[in-house]
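The lines below spell out each chain.
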Amino acid sequence: MRDWLAALAAATPGREALVAEDTRLTYGELNRRVAQLCAAWHGAGLKSGQRVAMVMHGNCETVVRLFAAMRLGLVLVPLGARLTSDEHSAILQNAKCHWLLPESTREPLLRLPGNGVSDSVPVPLEATAGQVGAYLDGTLSPSAPLAIVHTSGTTGVPKGVVLTTGNFFFNAMGATLRLGHLPQDRWLCAMPLWHVGGLALVTRAILQGATVVLHPRFDAEAFMHALQHEGVTMVSLVPAMLHRALDHLDGGWPGNLRIALVGGAPLSSALHEWSIDRALPVAPTWGLTETCSQVATLLPAGAEYKPGSTGKPLLFSSLRIAGDSGEDLARGEIGEIRVSGATVMQGYLGDRQSTPAAICDGELRTGDLGYLDDEGDLYVVQRLDDLIISGGENVYPTEIERVLIAHPLVEDAVVLGIEDAEWGQRVAAVVQARRTDTFSVEDLSAHLRKHMSAFKLPRKWRITDKSFRPVSGKVRRSDLAKLFEDD
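Definitions and limits used
Residues numbered from 1 in each chain as written. Predicted model: local features only at pLDDT ≥ 70, side-chain atom pairs only at ≥ 80, totals over all residues. Heavy atoms only, no water. Helix = DSSP H or I, 4+ residues; strand = E, 2+ residues; numbered from the N terminus. Rg over C-alpha atoms; globule rule 2.2 N^0.38 Å. Buried < 20%, exposed > 50% of the residue type's maximum accessible area, 1.4 Å probe, protein only. Contact = heavy atoms within 4.5 Å. Axes fitted to C-alpha atoms, helices over the stretch in contact; angles between N-to-C directions. Left-handed = near helix turned anticlockwise from the far one by under 90°. Salt bridge = Lys/Arg side-chain N within 4 Å of Asp/Glu carboxyl O. Core = buried A, V, L, I, M, F, W, Y, C linked by side-chain atoms within 4.5 Å. Arc of directions from axis to C-beta. Pairing = 2+ DSSP bridges. Right-handed = clockwise from strand over helix to strand, strands pointing away.

Counting its secondary structure elements, the protein contains 15 helices and 27 strands. For 487 residues, the compact-globule estimate of 2.2 N^0.38 gives 23 Å, and the protein sits close to it at 23 Å. Seen through its C-alpha atoms, the protein measures out along the principal axes to roughly 75 × 55 × 45 Å. Relative to its 487 residues, the protein shows a buried fraction of 54%. Long-range contacts, defined here as pairs at least 24 residues apart, represent 65% of the contacts in the protein between residues at least 6 apart.

Listed below in structure tokens is the structure:
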């Protein structure tokens with residue numbers, strides 16, 4: 001297929017493509033910058049199929065490098081800007097990267113040969129008009145790997161998820177057909193670009209011919225300013241960002257905002273209700289790195305009447321609820337969510353055990369538990385690995401978390417299972433309190449007893465006034481379990 005950016009640059013060269021800090025680029029200008037970088041990288045020796053790693057900042061240069069890598073047929077390995085050097089090294093080794101790309105065009109490339117000895121390669125400063133012209137257009141192979149995105153590691157050692165150009169294309173088309181597309185759409189992205197959510201958003205917006213308003217990180221004040229002054233029509237958030245935005249809101253939302261896509265972590269009932277009360281057009285969504293982001297999304301019109309649901313699957317994705325033996329479960333029954341379709345990953349890089357365990361006959365075992373209602377809308381209940389079995393009873397942490405967060409003195413809560421010789425696991429809770437001076441575990445237990453059976457009540461507690469949730473919204477329960485090691 002034709003290169004997406006080149007096609008839009010030819011059709012609408014004067015349309016604004018990217019707003020990033022102090023930089024504004026039209027599609028024609030962005031395409032020329034990409035062509036210039038392609039010529040420079042080709043001159044330095046980068047070749048199609050090679051794996052290139054780069055730290056993904058939320059800035060203009062990162063977007064230029066992203067689309068240059070696509071046009072040259074390179075396989076991008078995103079590195080998190082907040083990861084340590086040891087974490088970067090582990091990803092570089094796992095992906096067997098050929099190159100480490102510089103964080104600016106003024107720095108040399110770093111070649112990473114298999115013998116472990118690296119060397120710096122300067123990037124040619126200038127390319128001739130002919131060299132640049134050769135890269136003003138290009139073709140993309142749908143079956144070729146586009147990115148190797150490493151999972152967040154909430155259930156173990158991070159794995160390299162191999163995603164193809166086709167995965168990104170069909171995800172973008174499915175999301176566009178579900179959310180709709182207008183010529184004046186402007187996507188505000190404060191999502192980290194080293195996560196699949198940020199990558200999918202930017203590539204989707206460019207494929208649509210929309211404008212990307214890119215923030216280096218989420219800042220509530222800058223976020224609200226962009227909504228009011230940049231004509232933003234669509235935003236993508238995780239629940240933690242949504243909470244900060246609602247807390248910062250003074251007055252109503254700008255009338256041009258038509259979609260607030262919320263995913264990456266469960267949307268609590270309290271936060272959902274708060275969004276509805278503030279007339280935010282929230283669209284809850286569910287997806288995975290392994291499915292190139294979105295799988296199912298509920299539009300704002302339905303979100304008001306179906307709290308907790310993430311809607312029906314997008315076009316090009318199918319899902320079903322499977323029992324322990326892989327059989328289809330009836331509507332309303334909880335089982336593992338399995339996904340098939342054009343957005344499912346190629347597999348885990350170099351992992352001959354995990355890939356066949358995760359994908360069987362093209363169907364992805366997500367490890368998430370959920371159910372479908374009578375209308376076929378999805379409700380995600382829990383990670384399969386997070387399920388607590390205490391005294392032979394199944395306990396779903398999200399059920400308890402939702403009730404805890406509804407308490408007026410609770411800001412956030414995570415429930416987890418702690419190994420116990422007698423019960424197998426004990427239910428434990430880590431709670432972030434709004435106020436600690438009037439806080440009582442006994443009050444919380446009494447609050448829970450009104451809504452659920454006694455066997456579900458936490459027996460161990462840790463209370464804090466600090467947030468324990470990262471910007472991604474995903475909490476590593478294994479890290480929080482360390483808080484209970486001395487019990």
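Close contact between helix α1 (residues 4–11) and helix α7 (residues 196–208) brings their axes to 8 Å; oriented N to C, the two are set at 35°. The two elements α1 and α7 cross, and the hand of that crossing is left-handed. Note on element contacts: α7 touches α1 through Thr203, Ile206 and Leu207, opposite Trp4, Leu5 and Leu8.

Tallied over the full model, the rule gives 23 salt bridges. With its nearest N and O atoms 2.9 Å apart, the salt bridge here joins Arg2 to Asp137. Here Arg2 is found in the segment before α1, whereas its partner Asp137 is found in the loop between α5 (129–133) and β8 (145–150), with 135 residues between them in sequence. Looking at Asp137, the relative accessible area reads 35%, which means it is partly exposed. Two residues, Glu363 and Arg320, come together in a salt bridge whose shortest N-O distance is 2.7 Å. Note that Glu363 is positioned in strand β21 (residues 363–372) and Arg320 in strand β17 (residues 317–322), a separation of 43 residues in sequence. Given the relative accessible area of 17%, Glu363 is considered buried.

This next bit is on the nonpolar core. One finds Trp41, Phe223 and Trp253 to be the most contacted residues of the largest nonpolar core, which totals 115 residues. Apart from residues no more than four positions distant in its own chain, Phe223 is found in contact with Leu188, His215, Phe218, Val235, Leu237, Ala245 and Trp253.

Looking at helix α8 (residues 220–229), one finds that the buried residues are Ala220, Phe223, Met224, Ala226 and Leu227. Viewed end-on, α8 has its buried residues packed into an arc of 160°, placing them on one side of the element. With respect to the buried face of α8, the exposed residues turned more than 90 degrees away are Glu221 and His229. Of the surrounding secondary structure, the elements contacted by the buried residues of α8 are β10 (186–189), β12 (234–237) and α9 (239–248). Gly231 sits one or two positions beyond α8 and adopts a positive phi of about 65°.

Bringing the sheet that holds strand β25 (residues 410–420) into the picture now. On the basis of which strands lie adjacent, the open sheet formed by three strands has the order β25-β26-β27 and mixed pairing. Edge positions in the sheet fall to β25 and β27 (460–464), since each has one partner strand and no second. Adjacent strand axes in the sheet meet at a mean angle of 20°, parallel and antiparallel pairs treated alike. In this structure, β25 lies alongside strand β26 (residues 424–433), joined through ten bridges in antiparallel fashion. By the bridge assignment for β26, Asp412 is matched with Gln432.

Further remarks concern the pairing of β26. Counting buried residues along β26, seven of its ten residues qualify, which places the element largely inside the surrounding structure. For β26 and β27, the ladder comprises five bridges, and the chain directions are parallel. In the strand pairing of β27, Ala429 is matched with Trp461. Assessed by its sense of winding, the connection that carries the chain from β26 through helix α14 (residues 441–449) to β27 is right-handed.

Among the structural elements, Met241 can be located in helix α9. In this structure Met241 comes out as buried when scored by relative accessible area, which is 1%. Taking the C-alpha atoms as reference points, Met241 and Ala190, separated by 51 residues in sequence, lie 9.0 Å from one another.

Let us now look at the pairing of strand β16 (residues 309–313). Taken residue by residue, a regular strand's side chains alternate between the two faces of the sheet. In terms of strand pairing, strand β15 (residues 293–297) meets β16 through two bridges, oriented antiparallel. Among the inter-strand pairings, Thr297 is bridged to a residue of β16, identified as Lys312. Here β16 pairs with strand β22 (residues 378–383) via two bridges, running antiparallel. By the bridge assignment for β22, Ser309 is matched with Tyr379.

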